[in-house]
Amino acid sequence: MAMHAGQLAITAEQVRGLVADQFPAWGDLPVRAVASAGTVNALFRLGDGLVARFPLVPGDVDAVRRQLASEAAAAAELHGRITAPTPVPVAHGEPGDGYPLPWSVQTWLPGRDGFTDDPGESVPFAHDLARLMKELRAIDTAGRTFSAGGRGGELTNHDAWVESCLRSSGDLFDVPELLRRWAAWRELPRSGPDVMSHCDLTPGNVLVRDGRLVGVLDVGGFGPADPALDLVGAWHLLAVGPRAVFRDELGCGELEWERGRAWAFEQAIGAGWYYQRTNPAMSRMARRTIARLLAAEA
């Protein structure tokens, strides 16, 4: 079932043709579709070491090409600067063989994502996540500030989106209670200047092995943002005990912690209803996050 209006489709046969035409050196590599709870790209393994990523949402060719170039630059900037492995951009492909948009190739990282191998009860993973955030924040912004259109700037810019999502969520959540919470969260001031951030620390974007963080995916959004933004990972990824360990190690003050809670809510309230039928794993994550937000006293 399609997740998005006008969602694009692509088959392994098309991928083989595109790769053979545009990257002949890889033409003999086996192509295998990757099952994923991701919402933005269709993924295909190319041999053992590469993965091709095909945008699912229709868009302008030039705009998508610029977006892929921006993501590759962000991934290249981050690579090797944190302990956890990250994918390396390798190539960009062009439309063809019935697929209408540019696409990308990057290195494949082994491991199971956080949907498949839930790290929520792992204290070692909480330490790993705290180390990741410290390492990200230690990277110089080089004078850059948040300029994207999504999460990471001002909470109040998301009022219309949150209200729309709440109107669609009556069968999932206590909407009046969430309206009350958002009214308070949206007023929280910034706790400091922008820091470098992953910007989407959800279960699908971390790789886990034996309760440890062994890779970080979807790093194309790496950039400056509200220092509270990456705290969404505390709510999407960690149960109460490990979450307390994470907060203590990171040294979060009350304002920053609450603002992180607000960003986690903004993300979860959108995913819960939107993916309820088309991506159950994402919807379940959102509902679990909302439950954690409502249950937590700190």
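In what follows, the structure referred to is the one given above.
Residues numbered from 1 in each chain as written. Predicted model: local features only at pLDDT ≥ 70, side-chain atom pairs only at ≥ 80, totals over all residues. Heavy atoms only, no water.

## Topic: the layout of surface pockets
Here the second largest pocket defines a volume of roughly 180 Å³. Examining the composition of the lining of the second largest pocket, we find that five residues originate from one element, helix α2 (residues 61-78), more than from any other. Residues belonging to the lining of the second largest pocket are distributed by class as follows: six nonpolar, two polar and one charged. (1 Å grid on protein atoms, 1.4 Å probe; cavity = no way out; pocket = protein on both sides within 12 Å on 5 of 7 lines; lining within 4 Å. Points joined across faces, edges and corners; volume = space filled by probe spheres on them. Helix = DSSP H or I, 4+ residues; strand = E, 2+ residues; numbered from the N terminus. Nonpolar A, V, L, I, M, F, W, Y, C, P; charged D, E, K, R; others polar.)

## Details of helix α9 (residues 280-295)
End to end, α9 covers 22 Å across 16 residues, agreeing with the expected 22 Å (1.5 Å per residue, within 8%). Listed as buried for α9 are Ala-281, Met-282, Ser-283, Met-285, Ala-286, Thr-289, Ile-290, Arg-292 and Leu-293. Buried residues in α9 make contact with α5 (175-185), α6 (232-237), α7 (240-250) and α8 (254-274). (Expected span 1.5 Å × (residues − 1). Buried < 20%, exposed > 50% of the residue type's maximum accessible area, 1.4 Å probe, protein only. Contact = heavy atoms within 4.5 Å.)

## Brief notes about the sheet that holds strand β1 (residues 31-33)
Where strands meet in a sheet, backbone hydrogen bonds hold them as pairs that are either parallel or antiparallel. Taken in spatial order, the five strands of this open sheet run β1-β2-β3-β5-β4, and their pairing is antiparallel. The strands lining the two open edges of the sheet, one partner per strand, are β1 and β4 (89-93). Each strand of the sheet is rotated relative to its neighbour by a mean of 25°, with strand direction disregarded. As defined by bridge partners, strand β2 (residues 41-46) adjoins strand β3 (residues 50-55) across six bridges and the pair is classed as antiparallel. Residue Ala-42 lies in a different strand from β3, and its bridge partner there is Phe-54. (Pairing = 2+ DSSP bridges. Axes fitted to C-alpha atoms, helices over the stretch in contact; angles between N-to-C directions.)

## Comments concerning the pattern of salt bridges
A full pass over the atoms with the stated rule returns 21 salt bridges. Here Asp-128 and Arg-131 are joined by a salt bridge, their closest N and O atoms 3.8 Å apart. Residue Asp-128 and its partner Arg-131 are located together in helix α3 (residues 123-138), separated by three residues, close to a single helical turn. The class of Asp-128 is buried, set by a relative accessible area of 4%. Among the ionic pairs, Arg-212 bridges to Asp-128, the shortest N-O distance being 2.7 Å. Of the two residues, Arg-212 is situated in strand β9 (residues 212-216) and Asp-128 in helix α3; the sequence distance between them amounts to 84 residues. Of the residues examined, Arg-212 reaches a relative accessible area of 38% and is grouped as partly exposed. Through salt bridges with shared partners, a single network forms among Glu-154, Arg-190, Asp-194, Asp-226 and Arg-259. (Salt bridge = Lys/Arg side-chain N within 4 Å of Asp/Glu carboxyl O.)

## What to know about the packing of aromatic side chains
Here the structure, examined in full by the defined rule, presents 11 aromatic pairs. Considering the side-chain rings of Trp-182 and Phe-265, the 5.8 Å spacing of their centres and the 35° angle between planes classify their relative orientation as tilted. Highlighted residues: Trp-182 in helix α5 and Phe-265 in helix α8, separated in sequence by 83 residues. Each member of the pair, Trp-182 together with Phe-265, is buried. These aromatic residues form a ring-pair network of at least three members: Phe-23, Trp-26, Phe-44, Phe-54, Tyr-99 and Trp-103. (Phe/Tyr/Trp six-rings, centres within 6.5 Å; stacked < 30°, edge-to-face > 60°.)

## Considering the side chain of Thr-289
As for its position among the elements, Thr-289 is in helix α9. The exposure class of Thr-289 is buried, given its relative accessible area of 0%. Discounting chain neighbours no more than four positions away, the residues touching Thr-289 are Trp-235, His-236, Ala-264 and Ala-268.

## So, the sheet that holds strand β8 (residues 206-209)
Spatially, the three strands line up as an open sheet ordered β6-β8-β9, and their pairing is antiparallel. Looking along the sheet, the strands with just one partner apiece sit at the ends: β6 (112-113) and β9. Examined bridge by bridge, β6 and β8 share two bridges and lie antiparallel to one another. Bridge assignment links Arg-112 to a residue of β8, and that residue is Val-208. Lying on the sheet, α3 is in contact with β8 and β9; it crosses β9 at an angle near 40°.

## Considering the state of the cysteines
Covalently bonding the sulfur atom of one cysteine to the sulfur atom of another cysteine gives a disulfide. Following the criterion strictly, the structure yields zero disulfides and no others. Between Cys-165, a free cysteine, and Cys-199, which holds the nearest cysteine sulfur, the sulfur-to-sulfur gap is 19 Å. What makes Cys-165 buried here is its relative accessible area of 0%. Residue Cys-199 is classed as buried on the basis of its relative accessible area of 18%. (Disulfide = S-S within 2.5 Å.)

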